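If you want the building blocks of each chain, they are given just below.
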Amino acid sequence: MAETANAPVRRSIPRTTTRKKKKSQLPIAMIVLLLMIAAGILLSAFKDSSTGMFLMFGGVFGFILQKSRFCFTASLRDPCITGSTSLTKAVLVAFALTTIGFTAIKYNAFASGQAIPGMSYVQPISLATVAGGVMFGVGMVIAGGCASGTLMRVGEGFHMQVLALVFFVIGSLWGAKDMGWWNLNVIADSPRVFLPDVFGWLGAVVIQLLIIGCLYVAADLWERKKLGIKDEE
Amino acid sequence: MAEYELDCMGEACPLPLMKAEKKIKDLASGDVLIVHIDHSCAMKNVPEWARSQGHNVEVDEVDDGEWDVIIEKA
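This one's a predicted model, so the numbers in the text were calculated from it and none came from an experiment.

Asks: Mind showing me how you'd approach the overall build of chain A here?
Replies: Secondary structure assignment for chain A yields eight helices and zero strands. Each helix and strand of chain A, placed in order from N terminus to C terminus, yields the pattern α-α-α-α-α-α-α-α. Sorting the 233 residues of chain A into buried and exposed places 12% on the buried side. The contacts in chain A between residues at least 6 apart in sequence include a share of 55% that link residues at least 24 apart.

Printed below as a string of structure tokens:
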């Protein structure tokens, strides 16, 4: 059975350890919030308003990520290690929503005759992606976080992620240095596919959402199989 | 009704869950396993896994960033 009422757990040994009085962190939170607002205003005034907005987006993303315990690393690692796919399904939902959102933005630009934003992110599909994916996957499981997860946990105060961040920077610099080789030898001859060019705007959205839907169902079946079997023992 | 403790302080994401999974097999029905964790990911995924297996779960925050996950085996 998947759902159980959360009856209070009976304990044979009652809790006798006294709780340490927790020091409130609210004053620090207020100060940090004010600093972020000040930084945002200064950035908007002296650089441009979009940088200030990036700061705001970053802060909000971090807050949501931390409170919801959303984790890209767990979404791909848990199905293999514990069989749980709740985070995998959450990531798929996020992909579906961003597919709709970005298509709306791009189509709006296209329909009004403006240049379509973000086309530089339509990258060729090649073995470089596979190689990078494998390396990143191994790294993120060992490090306990991907890019967003590492930054979020640095904010939470985990020492391991501070170390991960240092090597994240080193790795990115190394990657940037070698990008020329990859471009020349692997990426240059690979096809660059923009789905709306192939299937049309509506077709591309429908097909992508269908694929995401199939993956969602597959994730659900996987979880039932991996965790459900234990119930019958 | 025996009570077992599992110290997973300072351990990263999947380890507390994997250790709890292994340890819960040693328990008889009605036994209680207390997992001490200080990783916030584990604070979410250990209770979720335990509930999906049908056990009663309670999470107690003992200190800033430290939790006791109390699992009663179904």
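Still to come is the rest of the account.
Asks: Looking at this model, I keep getting lost on unusual backbone geometry. Mind explaining?
Replies: Generally, phi is negative for residues other than glycine and the peptide bonds are trans, each holding for most cases. Residue and element names in this part refer to chain A. Even without being glycine, R69 reaches a positive phi, approximately 55 degrees. With respect to the element layout, R69 can be found in the loop between helix 2 (49-68) and helix 3 (72-81). According to the C-beta neighbour criterion, R69 is partly exposed, with 18 such atoms within 10 Å.

Asks: Where do I start with the environment of M1(B) in this structure?
Replies: As for its placement among the helices and strands, M1(B) is situated in the segment before strand 1 (3-8). Measuring from C-alpha to C-alpha, the distance between M1(B) and A28(B) comes to 8.3 Å, with 27 residues separating the pair along the chain.

Asks: Even after reading the chapter, I still don't get the sheet that holds strand 3 (residues 56-63) of chain B, so can you show me in this structure?
Replies: Across a sheet, paired strands are connected by hydrogen bonds in the backbone, their directions being either parallel or antiparallel. All names here are of chain B. If you walk across this open sheet you meet the four strands as 1-2-4-3, and the pairing is mixed. The open sheet has two edge strands, strand 1 and strand 3, and neither has a second partner. Neighbour-to-neighbour, the strand axes of this sheet turn through a mean angle of 20 degrees, independent of strand direction. Relative to strand 4 (residues 66-72), strand 3 is paired through seven bridges, and the arrangement is antiparallel. In the strand pairing of strand 4, D63 is matched with E66. Contacts from helix 1 (residues 14-24) reach strand 1, strand 2 (32-37) and strand 4 within the one sheet, and its direction differs from that of strand 1 by about 155 degrees. Relative to strand 3, helix 2 (residues 40-52) is tilted by about 160 degrees, and along the sheet it contacts strand 1, strand 2, strand 3 and strand 4.

Asks: How do you make sense of the nonpolar core when you look at a structure like this?
Replies: The nonpolar side chains of a soluble globular protein tend to be buried with one another. Residues and elements named next belong to chain B. V35, A42, V46, V69 and I71 are the most contacted members of the largest nonpolar core, which has 21 residues in total. Sorting the residues of this core by element identifies helix 1, strand 2, helix 2 and strand 4 as the ones contributing at least two each. With five residues, helix 2 is the single largest residue contributor to this core. Setting aside chain neighbours within four positions, we find I71 in contact with I24, V32, L33, V35, A50, H55 and V57.

Asks: Looking at this model, I keep getting lost on the confidence of the model for chain A. Mind explaining?
Replies: Low pLDDT marks regions whose predicted coordinates should not be analysed in detail. Residue and element names in this part refer to chain A. Chain-level pLDDT for chain A is 84 on average; 88% of the residues reach the 70-or-more range. By mean pLDDT, helix 8 (residues 195-231) is the weakest element of chain A at 86, and helix 4 (residues 86-111) is the strongest at 91. Of the regions scoring below 50 in pLDDT, residues 1-6 engages in eight contacts with residues more than four places distant in sequence or in other chains.

Cut-offs and rules
Residues numbered from 1 in each chain as written. Chains lettered and ligands numbered in written order. Predicted model: local features only at pLDDT ≥ 70, side-chain atom pairs only at ≥ 80, totals over all residues. Helix = DSSP H or I, 4+ residues; strand = E, 2+ residues; numbered from the N terminus. Buried ≥ 20, exposed ≤ 12 C-beta atoms within 10 Å, placed from the backbone. Contact = placed C-beta atoms within 7 Å. Pairing = 2+ DSSP bridges. Axes fitted to C-alpha atoms, helices over the stretch in contact; angles between N-to-C directions. Core = buried A, V, L, I, M, F, W, Y, C linked by C-beta atoms within 7 Å. pLDDT = per-residue confidence, 0-100.

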